[in-house]
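Residue-level listing of the chains:
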Amino acid sequence: MYYGWYIVGGALLSQVAMIGFFTYVFSMLVLPLQAEFGASRTEVMYSMSLSTILGLFLAPAIGFMADKYPIRWLMAAGAIIFGAGLYALSMTQSIVQFTLLFGLVMASSNQLLGPICGTASITRWFTDNRGKALGLSATGSSLGGMLLPVLFVIWLGETGDWRGALQNLSYGVVLLLLPYLIIFMRDAESQSSTDTADENNQAASSQASANDYSLKDIVKHPAYWIVGISIALLFSVYSALLANLTPYISGQGLEDTVAQTIMILAISGLIGKLLFGYAADKLSLRLALSITQAAVITGLVLLAIEPSYAVIVIAVIITGLSTGGMLPVWSALLAAIFGTASYGRVMGLMMPLIVLIVMPGYSLSGYLFDQTGNYSLCFFIFSAAIALSMPLVAFLKVPSASEQNQ
């Protein structure tokens, strides 16, 4: 088996642990933390806000390090920080201690174990199958969302032992994830083969890897802004939709369908990552991004008209499939446009731009609902924002998958 698939395995497992906890499990800690420390809901949420703010500053630095230092040790450091941090969080004695520690631990480990390092390594190992590999690794976040909440419920037990639950997760990170990263993660430069035996493909890959952009060059590059804004709007819409899906469905009088609808969205996202990952190797990457944008608009418009539940399911499936393709298409675009030598810097520098665009989406969706009493205007505005960004994709100078291999 080609060794690059072990690299995919490391990126996948990292996202299962990191994204599974940060995105899906944290909400399960909110009520236990309030009860333990007598804290308000707002005080508990400060920990997420702090980690997000610190991540804005850490992402460019981690991206730079991903281009200069062995990714094995960067990801291993992330696993150590994550595992030790979870255990330390279980020992905190006040909400202030928890918030400060959570912000520092999650901001650093999230950048080291998240997409920056994992996808940077994958793009250097793969040429022909790059999209497929990126799509497969991206399923880790979906798998984490399916697996970790179930485990956490078991660990919490009837007593709500959040301290023991955090400790059990820390053991899993240190005993399972950390050894895998140390043993199997390798830098592609130390290997003589790539995922294709074609000499022309190897030459193309080497040429792409040779491009080395400075931070100033990246920010001045039109593709940085086009890709960043396009992807950020998609992330903003998906994040806001995920945060408001339960009240939206409940508002339609469909409270009993909330759990199954969320599961449909999660499964659709997982399938979308695989499908768009495969398509990224076969189609023009500009076309793949445009399809993603058009599909999200379709899903939002369907939801905006407040249809029957059958149509809501169709809209959720369309949205899940398309948003599932965001990460593999985004990663493949950066590798194709900027090459692999500067990949970490580009993604790290793009993260703050994306977060700054994503953050207002939550407040905007809540404000529009408060003003109108429904989500229709919110979904129409999100659709219009994505539609206005679609023409920008035409200005991207990026080869198709077949052209990259010529």
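Residues numbered from 1 in each chain as written. Predicted model: local features only at pLDDT ≥ 70, side-chain atom pairs only at ≥ 80, totals over all residues. Heavy atoms only, no water.

### Here we look at the overall build of the chain
The condition is simple: Each helix is a run of DSSP H or I of at least 4 residues and each strand a run of E of at least 2, with the numbering of both proceeding from the N terminus. Both definitions apply: the radius of gyration is a C-alpha atom measure, and the globule rule equals 2.2 Å times residues to the power 0.38. Relative accessibility decides the category of a residue: with a 1.4 Å probe and only protein chains considered, values under 20% of the type maximum give buried, values over 50% give exposed, and everything between is partly exposed. By the convention used here, residues are in contact when the closest approach between their heavy atoms is within 4.5 Å. Only the protein chains shown count as cover for residues, and the accessible areas themselves come from Shrake-Rupley with a 1.4 Å probe.
In terms of helices and strands, the chain carries 18 helices and 0 strands. Relative to the compact-globule value of 22 Å for 406 residues, the chain shows a C-alpha radius of gyration of 21 Å, a close match. Its C-alpha atoms put the chain at 60 × 50 × 40 Å along the principal axes. Here the chain, with 406 residues, has 54% of them falling under the buried criterion. Relative to all contacts within the chain whose residues are 6 or more apart in sequence, the contacts with residues 24 or more apart total 84%. Element-wise, carbon and sulfur atoms account for 66% of the exposed surface of the chain, whose accessible area totals about 16,800 Å².

### Considerations on the confidence of the model for the chain
Parts of the prediction with low pLDDT should not have their coordinates interpreted in detail. Quick note on the threshold: Looking at any residue, its pLDDT shows the predictor's confidence there, from 0 to 100.
Per-chain confidence: the chain averages 86 in pLDDT, with 92% of residues scoring 70 or above. Here helix H9 (residues 199–210) is the element of the chain with the lowest mean pLDDT, 44, and helix H4 (residues 71–89) is the one with the highest, 96. Low pLDDT, under 50, characterises residues 197–210; the stretch is placed with 16 contacts to residues that sit more than four places away or in other chains.

### A closer look at helix H16 (residues 343–372)
Under the convention used in this document: Expected span, for any helix, means 1.5 Å times one less than how many residues it has. The angle between axes fitted to the seven-residue stretch ending at a residue and the seven-residue stretch beginning at it gives the bend at that residue.
End to end, H16 covers 43 Å across 30 residues, agreeing with the expected 44 Å (1.5 Å per residue, within 8%). Taking the largest bend as the criterion, H16 deviates by roughly 25 degrees, centred on Met351, and proline Pro352 comes between one and four positions later. Taken from the residues just after H16, Gly373 is the one with a positive phi, measuring 85 degrees.

### Quick word on helix H17 (residues 376–389)
Since the α-helix advances by 3.6 residues per turn, residues separated by three or four positions end up pointing in the same direction. Condition: Read the arc as the range of directions from the helix axis to the C-beta atoms.
Between its first and last C-alpha atoms H17 spans 20 Å; for 14 residues at 1.5 Å apiece the expected length is 20 Å, and the two agree. Inspection of H17 places Ser376, Cys378, Phe379, Phe382, Ser383, Ile386 and Ser389 among the buried residues, and these make up the whole buried set. Here the buried residues of H17 occupy an arc of 165 degrees about the axis, which is enough to place them on one side. At its buried positions, H17 is contacted by helix H11 (222–251), helix H13 (285–304) and H16.

### What about the nonpolar core?
The criterion, for reference: We define a nonpolar core as any set of buried Ala, Val, Leu, Ile, Met, Phe, Trp, Tyr and Cys residues linked to one another through side-chain atoms lying within 4.5 Å.
Counting 120 residues, the largest nonpolar core has Phe21, Met106 and Trp330 as the members making the most contacts within it. No other element matches the 15 residues that H11 contributes to this core. Setting aside its immediate chain neighbours within four residues, Met106 contacts Met18, Phe21, Phe22, Ser51, Phe82, Leu86 and Leu89.

### Description of the packing of helix H6 (residues 115–125) against H16
This is how it is decided: Axes, fitted as lines to C-alpha atoms, cover a helix only where it is in contact. Angles between the N-to-C directions of the axes lie from 0 to 180 degrees. Working rule for angles: under 35 degrees goes down as roughly parallel, over 145 as roughly antiparallel, 65 to 115 as roughly perpendicular, anything else as oblique. Handedness of a crossing follows from how the near helix is turned relative to the far one, being left-handed for an anticlockwise turn of less than a right angle and right-handed for a clockwise one. Polar here means any residue outside two lists: the nonpolar Ala, Val, Leu, Ile, Met, Phe, Trp, Tyr, Cys and Pro, and the charged Asp, Glu, Lys and Arg; Gly therefore counts as polar.
The geometry of H6 relative to H16 is characterised by a closest axis approach of 9 Å and an angle of 150 degrees between their N-to-C directions. For the element pair H6 / H16, the angle class is roughly antiparallel. Between H6 and H16 lies a crossing whose hand is right-handed. Where H6 approaches H16, its residues Pro115, Ile116, Thr119, Ala120, Thr123 and Arg124 are matched on the opposing element by Tyr343, Gly344, Met347, Gly348 and Met351. Taken together, the residues that form the contact of H6 with H16 break down as 6 nonpolar, 4 polar and 1 charged.

### Some remarks on the side chain of Ser389
Relative to the assigned elements, Ser389 resides in helix H17. Look past the residues within four positions of Ser389 in its chain and what remains in contact with it is Ser230, Leu233 and Gln293.

### As for the packing of aromatic side chains
Formally: Aromatic rings from Phe, Tyr and Trp, with only the six-membered ring used for Trp, were paired whenever their centres fell within 6.5 Å, and each pair was classed as stacked if the ring planes differed by under 30 degrees, edge-to-face if by over 60, and tilted otherwise.
All chains considered together, the criterion is met by 23 aromatic pairs. An angle of 40 degrees between the planes, with centres 4.7 Å apart, marks the rings of Tyr180 and Phe184 as tilted. Placement of both Tyr180 and Phe184 in helix H8 (residues 162–184) is noted, with a separation of 4 residues, approximately one turn of the helix. Through pairs of rings, three or more aromatic residues link up here, namely Tyr2, Tyr3, Trp5, Tyr6, Trp125, Phe126, Tyr180 and Phe184.

### Side note on the pattern of salt bridges
Spelled out, the test is: The term salt bridge refers to a side-chain nitrogen of Lys or Arg lying within 4 Å of a carboxyl oxygen of Asp or Glu.
Going through the model one piece at a time under the given rule, you end up with 3 salt bridges. For the salt bridge of Asp67 with Arg345, the shortest nitrogen-to-oxygen distance reads 2.8 Å. Taken as a pair, Asp67 in helix H3 (residues 41–68) and Arg345 in helix H16 lie far apart in primary sequence, 278 residues in all. Salt bridges sharing partners connect three or more residues here, namely Asp67, Arg124 and Arg345.

### Some remarks on unusual backbone geometry
Even without being a glycine, Glu306 presents a positive backbone phi close to 50 degrees. Relative to the elements of secondary structure, Glu306 occurs in the loop between H13 and helix H14 (309–324). A relative accessible area of 34% places Glu306 in the partly exposed class.

### Considerations on the environment of Gln97
Positionally, Gln97 belongs in helix H5 (residues 95–113). For Gln97, a relative accessible area of 42% gives the class partly exposed. Residues Gln97 and Ser47, spaced 50 residues apart in sequence, show a C-alpha to C-alpha distance of 9.8 Å.

### Section: the packing of helix H1 (residues 4–25) against H6
Axis separation between H1 and H6 bottoms out at 9 Å; the angle between their running directions is 165 degrees. Accordingly, the angle class assigned to the pair H1 and H6 is roughly antiparallel. Every pair of crossing elements has a handedness; the one defined by H1 and H6 is left-handed. Here Gly4, Ile7, Val8 and Ala11 of H1 come into contact with H6, specifically with Gly118, Ser121, Ile122 and Trp125. Of the residues that constitute the contact of H1 with H6, the class distribution is 5 nonpolar, 3 polar and no charged.

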